[in-house]
Amino acid sequence: MGQAQSTRIAGEAGLLRQAWAVLQPPSVSALYGLLGARPFTGRGMWLNLGHWRDARSIDQACPALAQLVGEAAGLGPADTVVDVGFGFADQDMLWAERFAPQRIIGLNITPLHVRLARARVRRRGLADRIDLREGSATAMPLPDACCDVVTAVECAFHFDTRADFLAEAMRVLRPGGRIVLADIIPAAPAGGALRRRWQSASWRALARALSVPRANADTRDAYAARFAAVGFEGVSVEPIGDEVFPGFHQALREDEAFFARLPASARLAYRPLLRIEAGDVYAGLDYVLAFARKPG
Ligand SMILES: C[S@@+](CC[C@H](N)C(=O)[O-])C[C@H]1O[C@@H](n2cnc3c(N)ncnc32)[C@H](O)[C@@H]1O
């Protein structure tokens with residue numbers, strides 16, 4: 001092979017590598033780093049779809065989801081909580097103020113979230129009860145049996161992998177400890193071939209946009225089995241999608257200020273979906289509230 005030909009091939013390979021890097025979904029911490037300090041809510045800095053059973057706005061629905069998780073976990077003054085994927089720590093401040101656990105240790109892999117959340121917690125006078133650290137849900141920088149509760153509000157779908165996170169949660173929980181997740185998984189296929197294709201396309205679109213690892217595409221039964229596989233007992237996986245997706249979709253349709261707060265790329269992708277009913281837009285997704293206990 002001549003010099004000119006090998007230079008050309010090396011150049012083409014370089015271009016291919018660059019194109020592949022651009023087409024690859026970003027890592028989760030790069031994704032949130034790119035989104036910056038852009039919350040969904042006007043009040044607080046929440047980043048979840050919200051629980052809409054009694055909420056009328058995104059500002060009510062996001063804290064309502066944290067309240068639901070706090071109640072499901074039975075949080076109380078005796079508890080040390082490990083909260084992974086805390087966003088900007090609104091949920092931790094809400095739990096500290098409403099449930100008064102002894103201590104909350106937050107772990108997050110996005111440095112920007114850790115920095116801003118720490119400053120917010122300090123300003124709210126809660127730094128002695130909420131300790132926020134950089135760290136991953138799948139390799140927690142924490143000793144064995146150090147907490148009573150592990151929580152993950154709308155983030156476990158990101159973890160690489162969710163199964164590794166469950167094993168870590170089992171390790172850091174004391175015997176008898178509880179785990180509660182608000183999580184998004186693919187819906188079990190239902191309906192005719194066309195409907196199933198649409199379901200699968202809508203899950204794939206979400207998974208790509210949110211950098212969800214393939215290994216996390218468990219539907220409800222397989223999802224529950226993952227908890228049992230690492231030794232949890234009393235596993236319950238409650239579908240609450242009807243109290244999440246329609247309210248979120250309706251709010252995006254009606255609340256212009258909320259829609260405008262989404263990143264430009266999300267607005268572009270979501271705008272055509274506003275004309276479609278929530279039942280169709282979210283046909284491929286299941287939203288679950290999961291609870292389990294470490295034996296002991
Ligand atoms: C959709 S946001 C949810 C934030 C918050 N729970 C809320 O409800 O407002 C997901 C959060 O999970 C964090 N996260 C993603 N992967 C993580 C991992 N492997 N370990 C720890 N945090 C992670 C992100 O940095 C982000 O803060």
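Here the structure is shown first, and the text comes after it.
Notes on the structure follow.

Criteria and cut-off values
- Residues numbered from 1 in each chain as written.
- Predicted model: local features only at pLDDT ≥ 70, side-chain atom pairs only at ≥ 80, totals over all residues.
- Heavy atoms only, no water.
- Helix = DSSP H or I, 4+ residues; strand = E, 2+ residues; numbered from the N terminus.
- Expected span 1.5 Å × (residues − 1).
- Buried < 20%, exposed > 50% of the residue type's maximum accessible area, 1.4 Å probe, protein only.
- Contact = heavy atoms within 4.5 Å.
- Phe/Tyr/Trp six-rings, centres within 6.5 Å; stacked < 30°, edge-to-face > 60°.
- Axes fitted to C-alpha atoms, helices over the stretch in contact; angles between N-to-C directions.
- Parallel < 35°, antiparallel > 145°, perpendicular 65-115°, else oblique.
- Left-handed = near helix turned anticlockwise from the far one by under 90°.
- Nonpolar A, V, L, I, M, F, W, Y, C, P; charged D, E, K, R; others polar.
- Core = buried A, V, L, I, M, F, W, Y, C linked by side-chain atoms within 4.5 Å.
- Pairing = 2+ DSSP bridges.

Observations regarding helix α5 (residues 111-123)
Part 1: Compared with the 18 Å implied by 1.5 Å per residue over 13 residues, the 19 Å span of α5 between its first and last C-alpha is a close match.
Part 2: Among all positions in α5, only Leu-112, His-113, Val-114, Ala-117, Arg-120 and Val-121 are buried.
Part 3: Buried-residue contacts for α5 involve α2 (28-35), α4 (90-99), β2 (103-108) and β3 (130-134).
Part 4: Immediately beyond the C-terminal end of α5, within one or two residues, lies Gly-125, with a positive phi of roughly 75°.

What to know about the packing of aromatic side chains
Part 1: Within the structure shown, the criterion is met by eight aromatic pairs.
Part 2: Measuring from centroid to centroid gives 6.3 Å for Phe-40 and Phe-258, while their planes differ by 55°, and the two rings are tilted. Taken together, the residues span a long stretch of sequence, with Phe-40 in the loop between α2 and α3 (58-73) and Phe-258 in helix α10 (residues 256-261) at a distance of 218 residues.
Part 3: What makes Phe-40 buried here is its relative accessible area of 16%.

Brief notes about the packing of α3 against α4
When two helices pack together, their arrangement is given by the angle between their axes and by how far apart the axes lie.
Part 1: Contact geometry for α3 and α4: axes closest at 10 Å, N-to-C directions at 55°. Between α3 and α4, the crossing angle belongs to the class labelled oblique. Read as a crossing pair, α3 and α4 show a hand that is right-handed. Across the interface between the two elements, Pro-63, Ala-66, Gln-67, Val-69, Gly-70 and Glu-71 of α3 pack against Gln-91, Leu-94, Trp-95, Arg-98 and Phe-99 of α4.
Part 2: Here the residues of the contact of α3 with α4 are counted per class, giving six nonpolar, three polar and two charged.

So, unusual backbone geometry
Part 1: Thr-161 follows Asp-160 through a cis peptide bond whose omega is 5°.
Part 2: One non-glycine residue, Ala-89, lies in positive phi territory at about 75°.
Part 3: Mapped onto the fold, Ala-89 is located in the loop between β1 (80-84) and α4.
Part 4: The exposure class assigned to Ala-89 is buried, which follows from its relative accessible area of 0%.
Part 5: A positive phi is found at Ser-211, a non-glycine position, where the angle reads about 50°.
Part 6: With respect to the helices and strands, Ser-211 occurs in the loop between α7 (193-209) and α8 (220-229).

Examining the nonpolar core
Part 1: Residues Trp-95, Phe-248 and Tyr-287 are the most contacted members of the largest nonpolar core, which totals 56 residues.
Part 2: In terms of residues, this core owes the most to one element, α3, which gives eight residues.
Part 3: Apart from the residues lying within four places of it in its own chain, the contact partners of Phe-248 are Phe-40, Leu-49, Trp-52, Ile-58, Phe-258, Tyr-270 and Tyr-282.
Part 4: In terms of nonpolar packing, the next biggest core, distinct from the first, is built from 30 residues, Val-82, Ala-169, Val-237 and Val-288 among them.

Some points on the sheet that holds strand β6 (residues 233-239)
Part 1: Read across the open sheet, the seven strands follow the order β3-β2-β1-β4-β5-β7-β6; overall the sheet is mixed. Looking at which strands have only one partner, the edges of the open sheet turn out to be β3 and β6. Within this sheet the neighbouring strands show an average axis-to-axis angle of 15°, counted without direction.
Part 2: Here β6 runs beside strand β7 (residues 285-293); their pairing, made up of five bridges, is antiparallel. Within the sheet, the bridge partner assigned to Glu-233 lies in β7 and is Arg-293.

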